[in-house]
Amino acid sequence: MSLLEVEDLTVRFGDAVVVDRLSFSVEAGETLAIVGESGCGKSMTALALTRLVAPPGRIGGRVRLDGLDLTGLPEARMRAVRGDRVGIVFQDPMSALNPVLTVGEQVAEAVRAHSPLGARAARARAAELLDLVHIPDAHRRLDDHPHRFSGGMRQRVAIAIAIAANPSLLIADEPTTALDVTIQAQILCLLDELRRDLGMGLILITHDLGVVAETADRVLVMYAGRKVEEQDTPGLFAAPLHPYTRRLMGAKPRLTLGEPPPRQRLQEIPGLVPLPGAIPPGCAFAPRCADADAGCATVPPLQRHGRAAVACHKVELPAWTPRQVPRWTDRSQWRAAE
Amino acid sequence: MPTSLRYVFRRLVQALPMAFAIVLLNFLLLKLTPGDLADVIAGESGSATPEFMENLRRLYGLDIPVHLQFLNYIQGILHFDLGYSFRQGMPVGELILERLPATILLSLTAILFALLIGVLLGVVAARSRGSLLDEAISVVSTMGFATPLFWVGLMLIVLFSIELRWLPSAGMVTVGADYRGRWDEWLDIGRHLVLPAVTLSLFFLSIYVRITRSAMLEVYGLDFVRTARAKGLTEARVVIRHVLRNALLPIVTVTGLQLGAIFGGTVVVETVFGWPGLGRLAQEAVFSRDVNLLLGIFLCSSFIVIVVNLAVDLLYAALDPRVEVRQ
């Protein structure tokens, strides 16, 4: 049994379907990246997993965490899961912290929400957590307010809050998008370190394929609320299957240290992600796809090939023999293989 | 902390020019009114010879140049000598000191009541946004805002004093009451306080409802509220500690501004309910053309507003830790 099993997760706002029958799983200690352009339902997926979708949004499907079915849970029990078994880190660290409470109060609050610790013990634990996310001089900084921290430091505080109760799953929704490049790398390293040390499953939501290559074991590509491709990271970078994934890769600049940048135009993907509620019938990517033809007028089924999957009429997966696809759970292994 | 002490000091220094401007304005108003003190006294007595007027002017220091008169005026203020009310036959300072406590009691009670109920209704309205309850609160608070205070006061008297006979209609104490101890007296004052305080609070209450509602809705949409929910906190804790705590900031600002405006309200309400406060004293001064007394009340209330605004600024700084950075 996987740590997290998601089956047919659907989020709708009225008639608009934002996340459409999404299924995936995450193992303990594994990093799954969910990628896609803005507006393709990634963040909504993160919120739906913890049932934080604001009304009038409605969530359907099944989410199982450690065998516990979260979808049917009454709100009070769901609250006990949030922050305890699942931690979330949001995109913008500048606004994710309450400006009028000290950092110590905010971390300690997350600690006390799920443990019987008293105020003093929770404060000590908050200092420990800040230390764990490498905030220098953690003890002294407990009484500082968020505005005294830089963006990267605030994101560390947000991470400390998310891991306060030792969750088994950490969801990081674009945790580095709002940060400088140098800080991005530090935050990714920190997330990876915590995942390893605390044995958490990590869902990393991003639109940055560089982040994916550095951190993820497996990648799920979303488009217009649907899963269009899923692969192990090395497989995805070696041979992207879906035309959308291939175009995403083409849109990414390739720089090699010590060499001048290639003087060629980046390949943009023409058009925009369709708005929820205005998703074209059939393959949602067809209007932007160079390979599309009359055959794309129906929704492509998800073809599976071991742990790889793709939803495209134009891609034929070879017959699968289990030996062909190794399980890349230890990253050092695939870095060596590269 | 030294930074917050510096902040207090700077705000105090900033208040000084304001105080000076008020004193100057007050003095100019005194000088701009047609006729001086001597004319007033002469008018009172019915007839006066030019020599008598001359003597009066010398007696009250009106025969010296204007800038020296201003210096005398400032000196007087520093000794809380605000002049003499010939109508009431008492020094203005004493009159004000005698009436001030009643007004402070009424204003504070009204503001606290308005804050408490207004914030509560605002929170309820924001929580049930778009519902019938939200609409009802909005309609009632708009009516409170739009209805003239004196009319509300009269209607409350008709209902609670005349029809139901629950509460007294006027004054601050029962005339000729025989109190058995302090507690008894306070209870009597409390009973007299209810109607004027409620009347005075209605106007402010509606403002608080609206501000609280909109501030709450604004804060609800902010990211840190989502963070708070993601921690697994109860809804009550999210609302009180994270949403309301931040929504309080605009409420405090507005309260500071309102405390100045409430003085205007006390004039009406104190007159309707016969409440022996500064507002009614001001009304009496207007109708008896008691310029000295009126200007004394102006000056006094202006200073109170300055002090209150200062206090609100400091409170704001205490509530919002970012203030020290913004300066």
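Please read all numbers here as calculations on a predicted model, not as lab measurements. (Residues numbered from 1 in each chain as written. Chains lettered and ligands numbered in written order. Predicted model: local features only at pLDDT ≥ 70, side-chain atom pairs only at ≥ 80, totals over all residues.)

Engineer: Explain the overall build of chain A residue by residue, including any values.
Structural biologist: Helix and strand counts for chain A come out as 11 helices and 12 strands. In terms of C-alpha radius of gyration, chain A reaches 21 Å, essentially the compact-globule figure of 20 Å for 338 residues. Taken over the C-alpha atoms alone, chain A extends approximately 65 × 55 × 40 Å along its principal axes. Counting over 338 residues, chain A shows a buried share of 45%. Look at the contacts in chain A between residues 6 or more apart in sequence, and 62% of them connect residues 24 or more apart. (Helix = DSSP H or I, 4+ residues; strand = E, 2+ residues; numbered from the N terminus. Rg over C-alpha atoms; globule rule 2.2 N^0.38 Å. Buried ≥ 20, exposed ≤ 12 C-beta atoms within 10 Å, placed from the backbone. Contact = placed C-beta atoms within 7 Å.)

Engineer: Hey, could you go over the sheet that holds strand E10 (residues 226-232) of chain A for me, with residue numbers and the actual values?
Structural biologist: All names here are of chain A. Spatially, 8 strands are ordered E6-E7-E8-E3-E9-E10-E12-E11 in an open sheet, and the strand pairing comes out mixed. In this open sheet, the two strands that pair with only one neighbour each are strand E6 (86-89) and strand E11 (303-305). Sheet twist, expressed as the mean angle between neighbouring strand axes with direction ignored, is 20°. Note: E11 against strand E12 (residues 308-310), 3 bridges, orientation antiparallel. Note that in E12 the partner of histidine 305 across the bridge is alanine 308. Packing of helix H6 (residues 151-162) onto the sheet brings it into contact with E6 and strand E7 (169-173), and relative to E6 it is tilted by some 165°. (Pairing = 2+ DSSP bridges. Axes fitted to C-alpha atoms, helices over the stretch in contact; angles between N-to-C directions.)

Engineer: Give me the nonpolar core: which residues, what numbers.
Structural biologist: One finds Val107(A) and Ala160(A) to be the most contacted residues of the largest nonpolar core, which totals 101 residues. Every residue in contact with Ala160(A), bar those within four places of it in the chain, is listed here: Val107(A), Leu129(A), Leu130(A), Leu132(A) and Val133(A). Core analysis: the second largest hydrophobic core is formed by 61 residues, Ile137(B), Leu193(B), Met216(B) and Val243(B) among them. (Core = buried A, V, L, I, M, F, W, Y, C linked by C-beta atoms within 7 Å.)

Engineer: Describe the confidence of the model for chain A, with residues and values.
Structural biologist: Averaged over every residue, the pLDDT of chain A is 85; the share at 70 or more is 94%. Low pLDDT, under 50, characterises residues 322-338 of chain A; the predicted model gives this stretch 16 contacts beyond four residues in sequence or across chains. (pLDDT = per-residue confidence, 0-100.)

Engineer: Would you mind going over the environment of Ile22(B) in detail, with residue names and values included?
Structural biologist: Residues and elements named next belong to chain B. With respect to the element layout, isoleucine 22 can be found in helix H1 (residues 2-32). Residue classification places isoleucine 22 among the partly exposed residues on the basis of 17 C-beta atoms within 10 Å. For the pair formed by isoleucine 22 and leucine 59, sequence separation is 37 residues and the distance between their alpha carbons is 26 Å. The contact partners of isoleucine 22, leaving out residues within four places of it in the chain, are Leu299 and Ser302.

Engineer: Provide a residue-level description of helix H7 (residues 181-198) of chain A, including the pertinent values.
Structural biologist: Residues and elements named next belong to chain A. Counted at 1.5 Å a residue, the expected span for H7 with its 18 residues is 26 Å, and the 26 Å between its end C-alpha atoms agrees. Buried residues of H7: Gln184, Ile187, Leu188, Leu191, Leu194 and Arg195, and no others. With its buried residues spanning 125° around the axis, H7 presents them on a single face. Among the exposed residues of H7, those oriented more than 90 degrees off its buried face are Thr182 and Asp197. Structurally, H7 contributes buried residues whose contacts are with strand E3 (31-35), H6, E7, strand E8 (201-206) and helix H8 (209-215). Two residues or fewer past H7, glycine 199 is found with a positive phi of approximately 65°. (Expected span 1.5 Å × (residues − 1). Arc of directions from axis to C-beta.)

Engineer: I'd love a proper account of the interface of chain A and chain B, names of residues and values included.
Structural biologist: Taken together, the contact between chain A and chain B spans 24 residues of the former and 19 residues of the latter. Elements with a minimum of two residues in the side of chain A that touches chain B: helix H2 (75-81), helix H3 (103-112) and H6 of chain A. Residue composition of the side of chain A that touches chain B, grouped by class: 12 nonpolar, 7 polar and 5 charged. (Nonpolar A, V, L, I, M, F, W, Y, C, P; charged D, E, K, R; others polar.)

Engineer: Break down the UniProt feature "domain: ABC transmembrane type-1" (unreviewed entry) in chain B for me, citing the residues and quoting the values.
Structural biologist: In the numbering used here, UniProt assigns the feature "domain: ABC transmembrane type-1" (unreviewed entry) to residues 100-316 of chain B. Note that residues 100-316 of chain B is 83% helix and 0% strand, and that its end C-alpha atoms are spaced 26 Å apart. (UniProt positions renumbered as here; feature names shortened; annotations may be inferred.)

Engineer: Can you lay out the sheet that holds strand E5 (residues 68-69) of chain A for me, pointing to particular residues and giving the numbers?
Structural biologist: Residues and elements named next belong to chain A. Spatially, the 4 strands line up as an open sheet ordered E2-E1-E4-E5, and their pairing is antiparallel. The sheet terminates laterally at strand E2 (16-26) and E5, the two strands that pair on one side only. The pairing of strand E1 (residues 4-13) with E2 spans 7 bridges and is classified as antiparallel. Paired with phenylalanine 13 across the bridge in E2 is alanine 16.

Engineer: Describe the UniProt feature "domain: ABC transporter" (unreviewed entry) in chain A, and please don't skip the residues or the numbers.
Structural biologist: Within the UniProt annotation, "domain: ABC transporter" (unreviewed entry) is assigned to residues 4-249 of chain A. Secondary structure content for residues 4-249 of chain A is 38% helix and 26% strand, and the end C-alpha separation is 28 Å.

Engineer: Could you give an account of the pairing of E7(A), naming the residues involved and the relevant values?
Structural biologist: Both faces of the sheet carry side chains from a regular strand, because those side chains alternate between them. Residue and element names in this part refer to chain A. Most of E7 is tucked away: 5 of the 5 residues are buried. Residues Leu169, Ile171 and Asp173 point to one face of E7 and Leu170 and Ala172 to the other, with burial holding for every one of them. Bridging between E6 and E7 involves 4 bridges; their strand directions are parallel. In the sheet register, isoleucine 88 faces E7, and the bridge partner there is isoleucine 171. Relative to E8, E7 is paired through 5 bridges, and the arrangement is parallel. Looking at the pairing, aspartate 173 lines up with isoleucine 205 of E8.

Engineer: Outline the packing of helix H5 (residues 92-127) of chain B against helix H8 (residues 182-220) of chain B, listing residues and values.
Structural biologist: All names here are of chain B. Where H5 contacts H8, the two axes come as close as 6 Å, and the packing angle between them is 35°. For the pair H5 and H8, the sense of crossing is right-handed. Looking at the contact of H5 with H8, its residues break down into 25 nonpolar, 5 polar and 1 charged. (Left-handed = near helix turned anticlockwise from the far one by under 90°.)

Engineer: Summarise the UniProt feature "transmembrane region" (unreviewed entry) in chain B; cite the residues concerned and give the values.
Structural biologist: Residues and elements named next belong to chain B. Cross-referencing UniProt, the feature "transmembrane region" (unreviewed entry) maps to residues 12-30, 100-124, 136-162, 189-209, 247-273 and 293-319 in the present numbering. As a span, residues 12-30 carries 100% helix and 0% strand, and end to end its C-alpha atoms are 27 Å apart. With 100% helix and 0% strand, residues 247-273 has its two end C-alpha atoms placed 35 Å apart.

Engineer: Which residues make up the environment of Arg85(A), and what are the values?
Structural biologist: Residue and element names in this part refer to chain A. Along the chain, arginine 85 falls in the loop between H2 and E6. Residues arginine 85 and serine 168 lie 83 residues apart in sequence; the distance between their C-alpha atoms is 5.3 Å. Excluding residues that lie within four positions of it along the chain, arginine 85 makes contacts with Leu65, Asp66, Pro167, Ser168 and Leu169.

Engineer: Run through the pairing of strand E9 (residues 218-223) of chain A, naming residues and quoting values.
Structural biologist: All names here are of chain A. Across the 6 residues of E9, 6 count as buried, placing the element largely inside the fold. Covered by surrounding structure in E9 are Arg218, Leu220 and Met222 together with Val219, Val221 and Tyr223, the residues of both alternating faces. With 6 bridges connecting them, E9 and E10 associate as antiparallel partners. In the sheet register, methionine 222 faces E10, and the bridge partner there is lysine 227.

Engineer: Could you give an account of the domain arrangement of chain B, naming the residues involved and the relevant values?
Structural biologist: Residue and element names in this part refer to chain B. With domains assigned, chain B is organised as domain 1 (2-91) and domain 2 (98-326). Spacing between the C-alpha centres of domain 1 and domain 2 amounts to 32 Å. Each partner contributes residues to the interface: domain 1 has 19 residues there, and domain 2 has 17 residues. Per-element accounting of the side of domain 1 that touches domain 2 gives the leading share, 12 residues, to H1. Residue composition of the side of domain 1 that touches domain 2, grouped by class: 10 nonpolar, 7 polar and 2 charged. (Domains from an automatic or database assignment.)

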